[in-house]
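One letter stands for each residue in the lines below.
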Amino acid sequence: MLRRLPEAVVNRIAAGEVVERPAAALKELVENAIDARAGRIDCGLRAGGAAWISVDDDGAGIARDDLALALERHATSKLADDDLVDIRTLGFRGEALPSIGAVSRLTITSRAEGAAEAWRIAVDNGDVGAVEPAARARGTRVEAAGLFRAVPARLKFLKSARAEYLAAADMLKRLAMARPSVAFSLEHDGRRAWASPAASDPLARLADVLGAEFAENSVPVALEADGLSLSGHAGLPTWHRGTAQAQYLFVNGRPVRDRLLQGAVRAGYEELVPRGRFPVLALFLDVPPDRVDVNVHPAKTEIRFRDGGRVRSLIVSALRRALAEEGHRAAAPAAAAPLVGRFRPGGTGAPPLELAERASEWQAPLDPGLPPSAPPPAPEAPDAAGLPLGAVRAQLHDTYIVAQTGDGVVLVDQHAAHERLVLERMRRALADGPPPRQALLLPEVVELGEAGAERLAAKAEELGELGLVLERFGTEAVLVRETPAALGEADVKGLVRDLADDLAEHGLALTLKERLEDVAATMACHGSVRAGRRLGAQEMDALLREMEATPRSGQCNHGRPTYVELKLADIERLFGRR
Ligand code: ADP
Ligand code: MG
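The present account deals with the structure reproduced in this document. (Residues numbered from 1 in each chain as written. Chains lettered and ligands numbered in written order. Predicted model: local features only at pLDDT ≥ 70, side-chain atom pairs only at ≥ 80, totals over all residues. Heavy atoms only, no water.)

Quick look at helix α1 (residues 7–18)
With 12 residues, α1 extends 16 Å between its outermost C-alpha atoms, agreeing within 8% with the 16 Å of an ideal straight helix rising 1.5 Å per residue. Turning to α1, its buried residues are N11, A14, A15, G16 and V18. Considering only its buried residues, α1 is in contact with α2 (22–35), α4 (96–102) and α5 (152–155). (Helix = DSSP H or I, 4+ residues; strand = E, 2+ residues; numbered from the N terminus. Expected span 1.5 Å × (residues − 1). Buried < 20%, exposed > 50% of the residue type's maximum accessible area, 1.4 Å probe, protein only. Contact = heavy atoms within 4.5 Å.)

As structure tokens, then:
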């Protein structure tokens, strides 16, 4: 028997997708408050939200005549015209309130902007009541009690109250990060769990979520290109975690989880963070609404970009730029922490930040291309002592360089440092001009199918600049004549196929660049000064001076620190002189 399902059943089915757990219901309610242009949003949870969720705002409110409509499926005030192209609000599907109302006892109390009185409507697991008079100031309060109590199958899937609470708090903080101008508070089981006042500086809100250390250990990110704009703060490479949980990514103010964005973040920190570790960051991407589709899933955390390649390269270059500008600051604080922390009796383990704070004074680099003009460092070389990495005093175990700075001691791992310098030199060469090419003895024909061959041929010029010379060969293949010399005996077919896939997915020849960088990194590692080699005073001085002038020289190509610093104050503490 074919029949139309009653609305209550449809809503209950939809509720499974829209509000599968308390955190999701809280998200929908807070999004509604944000869309209503609230300046203050106060949330309450009991038993992780399963017993009770409330969201109170001072936004535009809902007019009396709209209260019943708000509970109807697909009723929304947010889609001005009927296309889904230009979405500027967080909500637009008109299904959150009816869905939550289908699986809880939901009460909405609201006083609309300019209205003389407030009104209330309640719905009990799908049964909608009458609109009644109520009292409150402008804004809306939505309460949902006994979520899923009438849907035992769903209730079974809820985790412990603690776990549900943590998920809900995380959700709220994510939303709050993107709206620093709105004040937020959260109570759990009657106790204040978190609050953040309205702030004009986005970093203040980030610090309220990620802790004050984030402000001290991050760099601002800002870049605009092609109508896309990226802002936010990126944690220093040494400030990493074991999961990507603390990577907060937003598109048009909406918290998202997106593989493309996560991949771009990984690429931006490539070689700066050890494999399997994740930097902490909050990045806000603004895309013209018609170039992104947020209507992929009811929860709206998945998105699709019209031009993913552009988005990716914007993020990668913004991160690289922001982190490179920090020079070697990155390594210092956290890298030195374990060393200093171990020695310091009763130490807090907090990274010493003096070095980091002085980083901005290091902007007078020596030209790394010139041979060192400084005299061989000797104890009386006064100039070098004022430089960030100091004057060379000795080499230990043919592996570590000891230098004296204005107010401390620096210990450099000569191999790690040199490896980074060689890689950065190769990078500069790559950036300066086309890399040397090698002609193939026999040009290679690679079958790619028509779409793939066409895509590659269209990029032939760009690829040629990277050293890969190819042309269209019939409808289904390309003919490769030359490859970048740095790749050596490359698997040409594999490389070209990967490139075609990259182009299909991102519109960019990422593979080739990344492979060239990979090769450069490997060559840098093998071509660098080994640990265990004795160095002359002049060589050591040249190494330190080049480090000072080289971006990212705080970490080797594998993300390990290249040097550590002990301040005099730390040393004095070791000897109990402070
Ligand atoms: P959507 O947000 O997709 O429009 P919802 O079911 O979440 O759908 O909400 C339905 C409608 O109820 C909204 O379009 C809005 O007009 C109104 N509404 C819901 N919550 C609020 C609120 N906190 N303040 C003002 N209006 C609200
Ligand atoms: Mg909504």
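That shown, we press on.
A short note on the side chain of H233
Looking at the element boundaries, H233 is found in strand β11 (residues 228–235). Non-local contacts of H233, meaning those with residues more than four positions away in its chain, are made with L203, L206, F214, S218, V219, P220, V221, L281, A282 and L283.

Topic: the packing of aromatic side chains
One pass over the structure, following the stated rule, counts 1 aromatic pair. Pairing F250 with F284 gives two aromatic rings, centres 4.6 Å apart and planes at 15 degrees, and the pair type is stacked. Residue F250 is found in strand β13 (residues 247–251), and its partner F284 is found in strand β16 (residues 281–286); the two are separated by 34 residues along the sequence. On the accessibility criterion, F250 (1% relative accessible area) is buried. (Phe/Tyr/Trp six-rings, centres within 6.5 Å; stacked < 30°, edge-to-face > 60°.)

Details of the nonpolar core
One finds L26, V30, I41, L106, I108, M177 and F184 to be the most contacted residues of the largest nonpolar core, which totals 61 residues. Looking at this core element by element, the count peaks at 8 residues for helix α6 (residues 161–177). Taken domain by domain, this core gets at least three of its residues from each of domain 1 (7–196) and domain 2 (202–324). Those residues in contact with L26 that sit more than four places away from it in its chain are C43, L45, I53, V55, A168 and L172. Residues V221, A234, L283 and L285 belong to the second largest nonpolar core, which totals 36 residues. (Core = buried A, V, L, I, M, F, W, Y, C linked by side-chain atoms within 4.5 Å. Domains from an automatic or database assignment.)

Description of the sheet that holds β11
Judged by pairing direction, the sheet is mixed, and its 5 strands sit side by side in the order β10-β11-β16-β13-β14 without closing on themselves. A strand with exactly one partner marks an edge of an open sheet, and here the two such strands are β10 (218–225) and β14 (254–255). Judged from the 6 bridges that link them, β11 and β16 form a sheet pairing that is antiparallel. From the neighbouring strand, A234 faces β16, where its bridge partner is L281. Running at roughly 140 degrees to β10, helix α10 (residues 308–325) makes contact with β10, β11 and β16 of the sheet. (Pairing = 2+ DSSP bridges. Axes fitted to C-alpha atoms, helices over the stretch in contact; angles between N-to-C directions.)

Topic: the side chain of S196
Structurally, S196 is set in strand β9 (residues 191–196). A distance of 2.7 Å separates polar atoms of two side chains, one belonging to S196 and the other to R205. If near-sequence neighbours (up to four positions away) are discounted, S196 is found in contact with V182, A183, F184, R205 and D208. (Polar contact = N/O pair within 3.5 Å; in protein donor to acceptor, adjacent residues only side chain to side chain.)

Section: the pairing of strand β19 (residues 391–396)
For β19 and strand β20 (residues 400–405), the ladder comprises 5 bridges, and the chain directions are antiparallel. Bridge assignment links L396 to a residue of β20, and that residue is Y400. If you look at the hairpin formed by β19 and β20, you'll find 3 residues sitting between the two strands, and H397 has a positive phi there, around 50 degrees.

Looking at the pattern of salt bridges
Inspection of the entire model under this criterion finds 23 salt bridges. For R141, the salt bridge identified is with D56, shortest N-O distance 3.0 Å. Linking R141 in strand β7 (residues 139–145) with D56 in strand β2 (residues 52–57), this pair joins segments that are 85 residues apart in sequence. Given the relative accessible area of 25%, R141 is considered partly exposed. The partner of D407 in a salt bridge is K567, with the nearest N and O atoms 3.3 Å apart. (Salt bridge = Lys/Arg side-chain N within 4 Å of Asp/Glu carboxyl O.)

Considerations on a negative patch on the surface
Together, E447, E450, E454 and E476 line one region of the surface with negative charge. With respect to the helices, strands and loops of the structure, E476 is situated in the loop between β23 (469–473) and β24 (477–484). (Patch = residues over 30% accessible without salt bridge, like charges linked within 9 Å, V, L, I, M, F, W, Y side chains within 5 Å. Areas by Shrake-Rupley, 256 points an atom, 1.4 Å probe, with all protein chains shown as cover. Lys, Arg positive; Asp, Glu negative; His and termini not counted. Charge placed at Lys NZ, Arg CZ, Asp CG, Glu CD.)

Regarding the layout of surface pockets
Of the voids in this model, the second largest pocket is the one considered here, and its volume is about 760 Å³. Lining of the second largest pocket is provided by 34 residues; of these, N32, I62, S77, K78 and L97 occupy positions nearest its centre. Among the elements of the structure, α2, β2, α3 (64–70), α4 and β7 are those that each provide at least two residues to the lining of the second largest pocket. Considering each element in turn, the lining of the second largest pocket owes the most residues, 5 residues, to α2. Its residues assigned to classes, the lining of the second largest pocket shows 17 nonpolar, 8 polar and 9 charged. (1 Å grid on protein atoms, 1.4 Å probe; cavity = no way out; pocket = protein on both sides within 12 Å on 5 of 7 lines; lining within 4 Å. Points joined across faces, edges and corners; volume = space filled by probe spheres on them. Nonpolar A, V, L, I, M, F, W, Y, C, P; charged D, E, K, R; others polar.)

Thoughts on the site of ligand 1
What surrounds ligand 1 is a group of 20 residues, the closest being N32, T76, S77, K78 and G94. Within the side chain of D57, a nitrogen or oxygen atom sits 2.9 Å from a nitrogen atom of ligand 1. Measuring from a nitrogen atom of ligand 1, one finds a side-chain N or O atom of T140 at 3.4 Å. For ligand 1, whose accessible area on its own is 540 Å², the fraction buried by protein is 92%. In a pocket analysis with a 2 Å cut-off to the grid points, ligand 1 is assigned to the second largest pocket. Of all the secondary-structure elements, those providing two or more residues to the shell around ligand 1 are α2 and α4. The leading source of residues in the shell around ligand 1 is α4, at 3 residues. (Near = heavy atom within 4 Å. Sits in = over half its atoms within 2 Å of the grid points.)

Looking at the pairing of strand β8 (residues 183–188)
Judged by how many residues are buried, β8 sits mostly within the fold: 5 of 6 residues are covered. As defined by bridge partners, strand β1 (residues 40–46) adjoins β8 across 6 bridges and the pair is classed as parallel. Bridge pairing links I41 to F184 in β8. Examined bridge by bridge, β8 and β9 share 5 bridges and lie antiparallel to one another. When the sheet's bridge partners are listed, S185 is paired in β9 with A195.

Focus on the sheet that holds strand β25 (residues 563–567)
The strand order across the open sheet built from 4 strands is β19-β20-β21-β25, with neighbouring strands paired in antiparallel fashion. Pairing within the sheet leaves two strands with one partner each, and these edge strands are β19 and β25. Shown here is a sheet whose adjacent strand axes are inclined to one another by a mean of 20 degrees, direction ignored. The sheet strands contacting helix α14 (residues 414–432) are β19, β20 and β21 (408–413), and the helix crosses β21 at an angle near 70 degrees. In this fold helix α19 (residues 537–548) packs onto β19, β20, β21 and β25, with an angle of close to 120 degrees to the strand it touches most, β19.

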